[in-house]
Amino acid sequence: MASISGFCSSSSSPAAALKPRRLISPQKSPLLRPIVAPRTLVSVARDISADLSTNSSIPLSPKSAAIEKDPVNLWRRYVEWLYQHKELGLYLDVSRISFTDEFFDSMEPRLQKAFLHMKELEKGAIANPDEGRMVGHYWLRNPKMAPNSFLRLQIENTLEAICDFADKIISGQIKPPSFPEGRFTQILSVGIGGSALGPQFVAEALAPDNPPLKIRFIDNTDPAGIDHQIAQLGPELASTLVIVISKSGGTPETRNGLLEVQKAFRDAGLDFAKQGVAITQQNSLLDNTARIEGWLARFPMFDWVGGRTSEMSAVGLLPAALQGIDIREMLAGAALMDEANRNTEVKNNPAALLALCWYWASDGVGSKDMVVLPYKDSLLLFSRYLQQLVMESLGKEFDLDGNRVNQGLSVYGNKGSTDQHAYIQQLREGVHNFFVTFIEVLRDRPPGHDWELEPGVTCGDYLFGMLQGTRSALYGNNRESISVTVQEVTPRSVGALIALYERAVGIYASLVNINAYHQPGVEAGKKAAGEVLALQKRVLAVLNEAS
Ligand SMILES: O=P(O)(O)OC[C@H]1O[C@](O)(CO)[C@@H](O)[C@@H]1O
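Every chain's residues receive numbers from 1 upward, in the order its sequence appears when written. Thresholds applied to this predicted model are a pLDDT of at least 70 for local features of residues and 80 or more for the giving and counting of side-chain atom pairs; totals over whole chains, interfaces and linings are not thresholded and use all residues. Note that water and hydrogens are dropped before the side-chain values are worked out from all heavy atoms of the structure.

Naming follows an unreviewed UniProt entry, where the protein chain appears as Glucose-6-phosphate isomerase protein of Dioscorea alata.

Spelled out as structure tokens, the structure:
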């Protein structure tokens with residue numbers, strides 16, 4: 001590709017140069033390995049000075065009895081189990097999940113088996129027997145791992161095409177047809193499920209304050225919602241790029257969204273085809289429609305990428321690139337994380353550690369929900385994104401041997417410290433049916449922008465304090481938690497987070513012996529909806545005949 005502008009270029013992570021304020025130097029602690037999430041140290045120090053054993057107001061279940069109450073032992077557990085990815089600046093603290101050594105030993109052979117499954121998957125095994133397809137989202141960030149050169153080239157060429165197209169749209173080389181002096185200013189993304197959640201999460205997390213193109217989403221068949229999005233665009237409909245995303249190319253909600261938008265274009269006297277872009281599988285209904293109608297562009301969705309793991313395919317990369325997000329950095333972060341997750345030593349494999357914690361916390365049967373609490377506004381949609389990734393993958397009626405297991409792991413969450421003033425009350429004192437994942441971001445603001453709103457205290461210090469305080473208060477009442485810490489929210493760290501959870505889901509599915517890569521339950525709902533619509537048509541026909 002001739003010219004790749006900033007959003008597609010690869011550069012070294014700004015996190016490398018990060019020096020957050022008021023951080024404890026790791027060198028000051030002889031117990032620490034070279035890099036430790038420095039603010040986490042503050043929290044451990046805080047726990048050492050607190051007598052956690054006096055906080056418990058709920059009788060201990062046998063499992064809760066494993067919760068480490070001695071602050072010094074908790075500290076040792078933290079040091080022993082802390083996972084650090086130095087290049088990514090990512091830390092995983094599982095010390096507040098109280099799995100025992102016996103549990104760990106008993107899971108080790110199953111984890112080794114899961115690693116073999118993942119290896120087979122990456123080599124191109126048919127991992128979705130229902131649909132007879134491979135599951136290759138890992139190849140998207142490391143095309144060399146693709147099982148053959150045809151697939152490798154497909155991935156590389158698509159990435160080049162995305163960068164090239166985004167470059168031309170942003171630079172104004174490709175112009176809106178009825179606006180020859182201007183350039184495209186808006187994206188209207190039409191898609192649902194995996195064809196919306198990743199792009200929504202990434203837009204919220206990474207889009208700059210003034211992106212080259214602003215993005216809006218139609219992700220439902222709610223007429224009022226659709227009207228609202230179109231009304232908000234107003235005259236800018238003329239400079240809107242409409243990206244219709246559907247792997248299957250036949251999802252009814254997405255089709256309806258497309259028909260509604262096409263009508264809005266007709267009403268405004270605009271030629272939709274010249275502003276329409278399709279992301280879908282080759283020869284799908286959507287692909288054929290876009291080809292026959294001569295849409296502005298078409299990008300492929302591969303059959304070996306599932307909707308919920310499609311963020312690093314054209315589904316996520318094209319909208320991100322158009323918003324000025326460095327997609328090569330996202331891919332680099334994901335590739336680094338994938339590499340870490342190929343480590344067969346469990347302690348050094350963050351996805352395996354996560355899967356192990358989920359299994360312990362939910363008894364391997366989903367008995368507890370996963371509450372995801374990012375303490376960063378821009379990560380607000382992470383839990384919503386994870387909801388599909390985790391629940392559509394793990395929520396299965398049968399295991400791989402055909403036994404009825406009704407597996408799953410429920411995910412919900414919003415953000416800290418906002419939720420402190422909503423449902424944390426119940427988490428601390430109410431029904432004990434969850435474990436928490438805290439997502440901590442060390443960087444408060446870009447360097448040079450912070451200020452002290454009280455002597456010695458910034459706004460970000462409050463956020464940090466709320467996270468540490470909530471975690472300690474929950475732990476004091478036998479509520480377990482995992483903490484994931486990143487230096488800052490960058491394309492690289494977001495790519496790494498996505499890859500971390502994708503792999504953890506794959507490993508967990510293997511631990512509980514289910515197929516993570518199909519969604520038969522969703523099909524049942526779609527079929528039932530089709531029957532309702534068919535019935536409505538018959539009723540209308542009868543009424544029309546009668547009148
Ligand atoms: O991209 P498509 O084919 O429109 O599907 C959208 C979503 O529908 C599902 O197939 C079922 O809800 C999801 O797995 C998928 O992400």
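Having seen it, we continue.
Caption draft 1: Layout of a nonpolar patch on the surface. A cluster of nonpolar residues, W451, L453, Y462 and M466, forms a patch on the protein surface that exposes about 390 Å² of accessible area. Starting at the N terminus, helices and strands are each numbered in turn, a helix being any DSSP run of H or I of at least four residues and a strand any DSSP run of E of at least two. Structurally, L453 is set in strand β13 (residues 452–454). Each residue's exposure class comes from its accessible area (1.4 Å probe, protein chains only) as a fraction of the maximum for that residue type: buried when under 20%, exposed when over 50%, partly exposed otherwise. Here L453 falls in the partly exposed class, since its relative accessible area comes to 35%. Residues form patches when they are more than 30% accessible in relative terms and have no salt bridge. Like charges link within 9 Å. Nonpolar side chains (Val, Leu, Ile, Met, Phe, Trp, Tyr) link within 5 Å. Working definition of accessibility: Shrake-Rupley area with a 1.4 Å probe, residue cover restricted to the visible protein chains. The working definition used for a salt bridge is a side-chain nitrogen of Lys or Arg within 4 Å of a carboxyl oxygen of Asp or Glu.

Caption draft 2: Molecular detail of the packing of aromatic side chains. Classification of ring pairs uses Phe, Tyr and Trp, with its six-membered ring standing for Trp, and accepts pairs whose centres are within 6.5 Å; under 30 degrees between planes counts as stacked, over 60 as edge-to-face, and the remaining range as tilted. Applying the stated rule across the entire model yields 20 aromatic pairs. Here the aromatic rings of F302 and W304 are separated by 4.7 Å at their centres, their planes lie at 5°, and the arrangement is stacked. Counting as a charge over the ring demands two things of the Lys NZ or Arg CZ atom: a distance within 6 Å of the ring centre and an angle within 35 degrees of the ring normal. Taking the ring centre of W81 as reference, the NZ or CZ of K347 above it sits at 4.6 Å. The ring of Y138 has R503 sitting right over it, with the charged end atom 4.0 Å from the ring centre.

Caption draft 3: Looking closely at the pattern of salt bridges. Under the counting rule described, the total for this entry stands at 21 salt bridges. Notably, a salt bridge pairs K168 with D164, separated by 3.0 Å at the nearest N-O pair. Here K168 pairs with D164, and both are found in helix α5 (residues 149–171), just 4 residues apart, close to one helical turn. Note on K168: relative accessible area 26%, which makes it partly exposed. R308 is the salt-bridge partner of E392, the closest N and O atoms lying 2.8 Å from each other.

Caption draft 4: Examining empty space enclosed by the protein more closely. Of the grid points, spaced at 1 Å and generated over the protein atoms alone, those admitting a 1.4 Å probe that cannot get out make up cavities, while open sets with protein on both sides within 12 Å along at least five of seven lines make up pockets; any residue with an atom within 4 Å of a point is treated as lining. Grid points are joined across faces, edges and corners, and a volume is the space filled by probe spheres set on the points. The final tally for this structure, using the stated rule, is 5 cavities of 30 Å³ or more. Computed from the structure, the largest cavity encloses a volume of approximately 80 Å³. Lining the largest cavity are L140, I155, T158, L159, I162, F302, M312, S313, A314, L317 and L331. Those elements that place two or more of their residues in the lining of the largest cavity are α5 and α10 (314–322). In terms of residue count, the dominant contributor to the lining of the largest cavity is α5 (4 residues). Think of it as three bins: nonpolar holds Ala, Val, Leu, Ile, Met, Phe, Trp, Tyr, Cys and Pro, charged holds Asp, Glu, Lys and Arg, and polar takes everything else, Gly as well. Looking at side-chain class alone, the lining of the largest cavity contains 9 nonpolar, 2 polar and no charged residues.

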